[in-house]
Amino acid sequence: MTEESPIIELKNLTKSYKNGMEFRALDNANLKIKKGEFVAIVGPSGSGKSTLMHLIGLLDTPSSGTLLIDRNNVTNMSDKERSEIRNKMLGFVFQYHHLLPDFTALENVMMPLLIAGKKRKEAKETAEKLLKEVGLEDRMDHKPGELSGGQNQRVAIARALSCSPAIVLGDEPTGNLDTKTGDMIYELLRQLNKEYNQTFIVVTHNDDMALKADRIIRLVDGKITVQ
Amino acid sequence: MHYELFIALRQIRARKFQTILSVGAIALAVMVLTVSQALMVGFTDELYNTTVNKLPHVSVSPQEDEDYIYLYRTLVDNIEKVEGVSAVSPFLTGKASFRFKTNSYNAELKGVLPLKENNISDIETDMVEGDFRDLEYSRNTIVIGSKLADKLEVNPGDSVNVSFPNANPLSLRVVGIFHTGSPLDESLTYTSLDTAQEFYNVPDVINGLSVRLEDFNRDREVAAKIEKTGYKARGWTETNPEILRTIAIETTSNNVILGLIVVIASFGVVSALNLSVIGATSQIGMLRAMGATIFSIRTIFVLQSGILGLLGALVGTLTGIAASLGIGQYEMPAASSELYGGLTTIPIVIRIGDILVIILAVFLLNLIAGIYPAQQAAKLDPVKSISSK
Ligand SMILES: Nc1ncnc2c1ncn2[C@@H]1O[C@H](COP(=O)(O)OP(=O)(O)O)[C@@H](O)[C@H]1O
Ligand SMILES: [Mg+2]
């Protein structure tokens, strides 16, 4: 089997902020991530982990360098094109669940599918299947306010997976949960990764968790130090 | 259903208190607008009925350089056939001097065909004594205005002496008295066309025609058609332009004030929506992460504003219609009736066209007003929105 082309490729990717003097939150990052990989990103606070996730997630734009997703250069795309890639190819889980508070768990999971233009019925079926998968079949009609932190985070994971994205990005997805719940969520992510062969990039502070990944990427002061 | 509408509707429903306030503010403004419009149209219609309807809608006069219209019978027939004309009345009118005992006054003596004149004016209902039709069936009779009758001190049955330079003096018996509440009560008298022709010493001619229209708003258009017969025809808006001007000024200033009320209410919605944008910052960031475009975020908030406007407009017009109908039921105290020109109830006219225009205008206004908060929401940086909380 020949070397598969990477699903994500960073070439000299830099994000800098200027207030007075230039500050590089991400400094000349070069990185290739293969399809189906489970990558853990570690590093001290302020080292640029979130910045890297936001850039890969097309929520932020790099100051210089190139980002390829599935071999497409996404660096200079329009809002419409970037939005479409976020919708179809990327799934997000953040430290906070960011569920829409006025919608039920089911409706929250349906939302990316509705944004993709899928029919209500089809979106509902997919969302129900995913909520079962994360163990929330009896909580589907509850709103976020009626669910625990761990449950909400599982809803957020189901939502991230609803459009079957090629890439799932988790920025400290367990950071806000107690250790036991955090471990369970992490296990769930790992299991989903094996089941569906989706690419996972997960930021974590927990070394035990990181060790379970296929690869660990360490960031220090905006620079990738270990691959 | 597009997800933008799904989200917009859900957020409106979730923010119950804010929604009720926003819809209430618009509804109140729209209600005032609706009631005021119904009153305005009611009073305008009333004004038309009391003034315009008593005027000839179109007046036909002799050709230039002529004093009289000859062969008027065919002309009457022809004008009656013009589309939009409902009645025609020929007349011969002029000045005359009226004397009874020692009292003497000048007034207009108008010779008419009573049955035809009846069709173009309210004279029959304005009669307070006698019967206008008696002019038709008797010779040398006269119907006079109430004020003139008072000044001359005549009563029905009395004979007044009518004279004028170059005219044949006649003695005319009073068969009726009319009261219109206008200056005509002291300046106008009616007699039969035959009697007038005898008095003014002319053959079978007239010096004008009064025309009544099916729709008095079409006066200029129908006048133009009548002019094709070769005679001069002028609509009431041309002969009495001040009536139209008064109404137009009042309507315009009224509408400007009411429009401002609605604009202010819509601004209330904008500020409420602006607050909800701030409250929804992290949701907006997450929607962007899920793939919602900047355009979609904007749409969600413009829709919310538009929907609130539409709800406010519907509630406002419905309550406005109900309030207007209630006002229309109100019986005015008898004492004040004379003050308002004999009205016993407050005139109310609800036009479906006005209601639709109000609803559409308020909806559009709110769509436009929603652009500002929507723009605030759309330009939020997704990274910052997600990092907030
Ligand atoms: N909008 C910004 N303006 C200036 N500096 C920023 C901005 N966003 C992030 N940074 C800086 O960039 C660095 C990396 O931040 P971040 O990627 O959030 O770190 P991590 O997620 O690893 O804790 C930090 O020092 C942070 O202060
Ligand atoms: Mg971070």
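Each chain carries its own residue numbering, running from 1 in the direction its sequence is written. The lettering of chains begins at A and the numbering of ligands begins at 1, in the order of writing. Where totals are concerned, whole chains, interfaces and linings use all residues; where local detail is concerned, this predicted model gives features only for residues with pLDDT of at least 70, and gives and counts side-chain atom pairs only at 80 or more. Heavy atoms throughout the structure, all of them, feed into the side-chain values; hydrogens and water do not.

Participant: Explanation requested: the layout of surface pockets in the structure shown.
Facilitator: Vacant regions in the atomic arrangement are exposed by a probe of water-molecule size rolled over the atoms. All names here are of chain B. There is about 790 Å³ of room inside the largest pocket. In terms of lining residues, the largest pocket is bounded by 30 residues, among which Lys54, Leu55, Thr180, Ser182 and Leu184 are the most central. The way it works is that DSSP assigns letters per residue, a run of H or I at least four long becomes a helix, a run of E at least two long becomes a strand, and they are numbered from the N terminus. When residues of the lining of the largest pocket are traced back to their parent elements, those giving at least two are strand 2 (85–100), strand 3 (103–112), helix 4 (114–120), helix 5 (123–126) and strand 8 (188–192). Residues were grouped as follows: Ala, Val, Leu, Ile, Met, Phe, Trp, Tyr, Cys and Pro as nonpolar; Asp, Glu, Lys and Arg as charged; and all remaining residues, including Gly, as polar. Among the residues forming the lining of the largest pocket, the class breakdown is 11 nonpolar, 12 polar and 7 charged. In this document the domain limits rely on a domain assignment from an automatic tool or a database. Each of domain 1 (2–51 + 243–387) and domain 2 (53–239) contributes no fewer than three residues to the lining of the largest pocket. Cavities and pockets are defined on a 1 Å grid built over the protein atoms alone: a cavity is a set of grid points where a 1.4 Å probe fits but cannot escape, while a pocket is an open set with protein on both sides within 12 Å along at least five of seven lines, and lining residues are those with an atom within 4 Å of any such point. Grid points are joined across faces, edges and corners, and a volume is the space filled by probe spheres set on the points.

Participant: Before we go on, may I ask you to explain the sheet that holds strand 2 (residues 21–33) of chain A in this structure?
Facilitator: Residues and elements named next belong to chain A. If you walk across this open sheet you meet the 4 strands as 2-1-4-5, and the pairing is antiparallel. Strands at the two margins of the open sheet, each flanked by one partner only, are strand 2 and strand 5 (72–73). Being paired, for any two strands, means DSSP has found at least two bridges between them. With 9 bridges joining them, strand 1 (residues 8–19) and strand 2 adopt antiparallel strand pairing. In the sheet register, asparagine 19 faces strand 2, and the bridge partner there is methionine 21.

Participant: Any chance you could explain unusual backbone geometry here in plain terms?
Facilitator: Excluding glycine, most residues fall at negative phi; most peptide bonds, likewise, are trans. Residue and element names in this part refer to chain B. Phi is positive for lysine 101, which is not a glycine, with a value near 50°. Inspection of the secondary structure assignment puts lysine 101 in the loop between strand 2 and strand 3. Non-glycine residue glutamate 153 carries a positive phi angle of around 60°. With respect to the helices and strands, the residue glutamate 153 is situated in the loop between helix 7 (146–152) and strand 6 (159–163). Given the relative accessible area of 55%, glutamate 153 is considered exposed. Relative accessibility thresholds used throughout: buried, under 20% of the residue-type maximum; exposed, over 50%; partly exposed, between the two (1.4 Å probe, protein chains only).

Participant: Is there a simple way to think about the packing of helix 14 (residues 294–329) of chain B against helix 17 (residues 371–378) of chain B in this case?
Facilitator: Geometrically, a packed helix pair is captured by the angle between its two axes and the distance between the axes. All names here are of chain B. Taken N-terminus to C-terminus, the directions of helix 14 and helix 17 make an angle of 145°; their axes are 8 Å apart at the nearest point. The chirality of how helix 14 crosses helix 17 is right-handed. Touching Ile294, Ile297, Arg298, Phe301 and Val302 of helix 14 are Ile371, Ala374, Gln375, Ala377 and Ala378, all from helix 17. By residue class, the composition of the contact of helix 14 with helix 17 is 8 nonpolar, 1 polar and 1 charged. Think of each axis as a best-fit line through the C-alpha atoms, taken over the contacting stretch in the case of a helix, with angles from 0 to 180 degrees between the N-to-C directions. The sense of a crossing depends on the near helix, which, turned anticlockwise from the far helix by less than a right angle, makes the crossing left-handed and, turned clockwise, makes it right-handed. The contact criterion used is simple: two residues touch if any of their non-hydrogen atoms lie within 4.5 Å.

Participant: For this particular structure, what's the right way to read the nonpolar core?
Facilitator: Taken as a class, soluble globular proteins show a tendency for nonpolar side chains to be buried jointly. By size, the foremost hydrophobic cluster in this structure holds 94 residues, and its most contacted members are Met111 and Leu131 of chain A together with Leu287 of chain B. Looking at which element gives the most residues to this core, the answer is helix 3 (residues 105–115) of chain A, with 8 residues. Listed in part, the 44 residues of the second largest apolar core include Val76, Ile144, Val160 and Tyr231 of chain B. By nonpolar core we mean a set of buried residues, namely Ala, Val, Leu, Ile, Met, Phe, Trp, Tyr and Cys, connected to one another through side-chain atoms within 4.5 Å.

Participant: Looking at this structure, I do not really get the interface of chain A and chain B. What am I missing?
Facilitator: Accessible area lost upon the coming together of the parts serves often as the stated size of an interface. Across the contact, 25 residues belong to chain A and 25 residues belong to chain B. The term buried area refers to how much accessible surface (probe radius 1.4 Å) is lost by two components on association, counted for both of them together. Carbon and sulfur atoms supply 67% of the area that chain A and chain B bury against each other, a total of about 2400 Å² over both sides. It is Leu59, His98 and Ile115 of chain A in chain A that bury the most area against chain B; as a group they hold 25% of the surface buried on that side. We count a salt bridge whenever a side-chain nitrogen from Lys or Arg sits within 4 Å of a carboxyl oxygen from Asp or Glu. Taken together, the connections running from chain A to chain B amount to 2 salt bridges. With its nearest N and O atoms 3.2 Å apart, the salt bridge here joins aspartate 79 of chain A to arginine 288 of chain B.

Participant: I tried to follow the sheet that holds strand 3 (residues 38–42) of chain A on my own but got confused; where do I start?
Facilitator: By way of backbone hydrogen bonds, the strands of a sheet pair with one another, either parallel or antiparallel. All names here are of chain A. Taken in spatial order, the 6 strands line up as 6-7-8-3-9-10 in an open sheet, and their pairing is mixed. Sheet topology places strand 6 (90–93) and strand 10 (223–226) at the edges, where each strand pairs with a single neighbour. On average, each strand axis in the sheet is inclined to that of its neighbour by 25°, with strand direction left out of account. Bridge count between strand 6 and strand 7 (residues 167–171): 4 bridges; the pairing is parallel. Among the inter-strand pairings, glycine 91 is bridged to a residue of strand 7, identified as valine 168. Across the sheet, helix 1 (residues 49–56) touches strand 3, strand 6, strand 7, strand 8 (199–203) and strand 9 (215–220), and the angle it forms with strand 7 is around 155°.

Participant: Looking at this structure, I do not really get the UniProt feature "domain: ABC transporter" (unreviewed entry) in chain A. What am I missing?
Facilitator: On the UniProt side, "domain: ABC transporter" (unreviewed entry) is annotated at positions that read residues 8–226 of chain A here. Here residues 8–226 of chain A runs as 37% helix and 28% strand, with 17 Å between its end C-alpha atoms. UniProt positions are given in the numbering used here, feature names are shortened, and annotations may be inferred rather than shown by experiment.

Participant: In this structure, what is going on with the pairing of strand 10 (residues 232–235) of chain B? I would like to understand it.
Facilitator: On any regular strand, side chains alternate: one points to one face of the sheet, the next to the other face. Residues and elements named next belong to chain B. Side chains Ala233 and Gly235 of strand 10 all project onto a buried face; the interleaved residues Lys232 and Arg234 project onto a face where none is buried. Note that strand 1 (residues 58–61) and strand 10 share 4 bridges and pair antiparallel. Paired with valine 58 across the bridge in strand 10 is glycine 235.

Participant: Is there a simple way to explain the UniProt feature "domain: MacB-like periplasmic core" (unreviewed entry) in chain B in this structure?
Facilitator: The UniProt entry lists residues 19–228 of chain B under the feature "domain: MacB-like periplasmic core" (unreviewed entry), expressed in the numbering used here. Between the first and last C-alpha atoms of residues 19–228 of chain B the distance is 61 Å; the span itself is 40% helix and 30% strand.

Participant: Looking at this structure, I do not really get empty space enclosed by the protein. What am I missing?
Facilitator: One pass over the structure, following the stated rule, counts 3 cavities of 30 Å³ or more. When its volume is computed, the largest cavity comes out at roughly 80 Å³. In terms of lining residues, the largest cavity is bounded by 13 residues, among which Leu90, Gly91, Pro112 and Arg159 of chain A together with Met290 of chain B are the most central. Broken down by secondary-structure element, the contributors of at least two residues to the lining of the largest cavity are helix 2 (79–89), strand 6 and helix 5 (149–161) of chain A together with helix 13 (281–289) of chain B.

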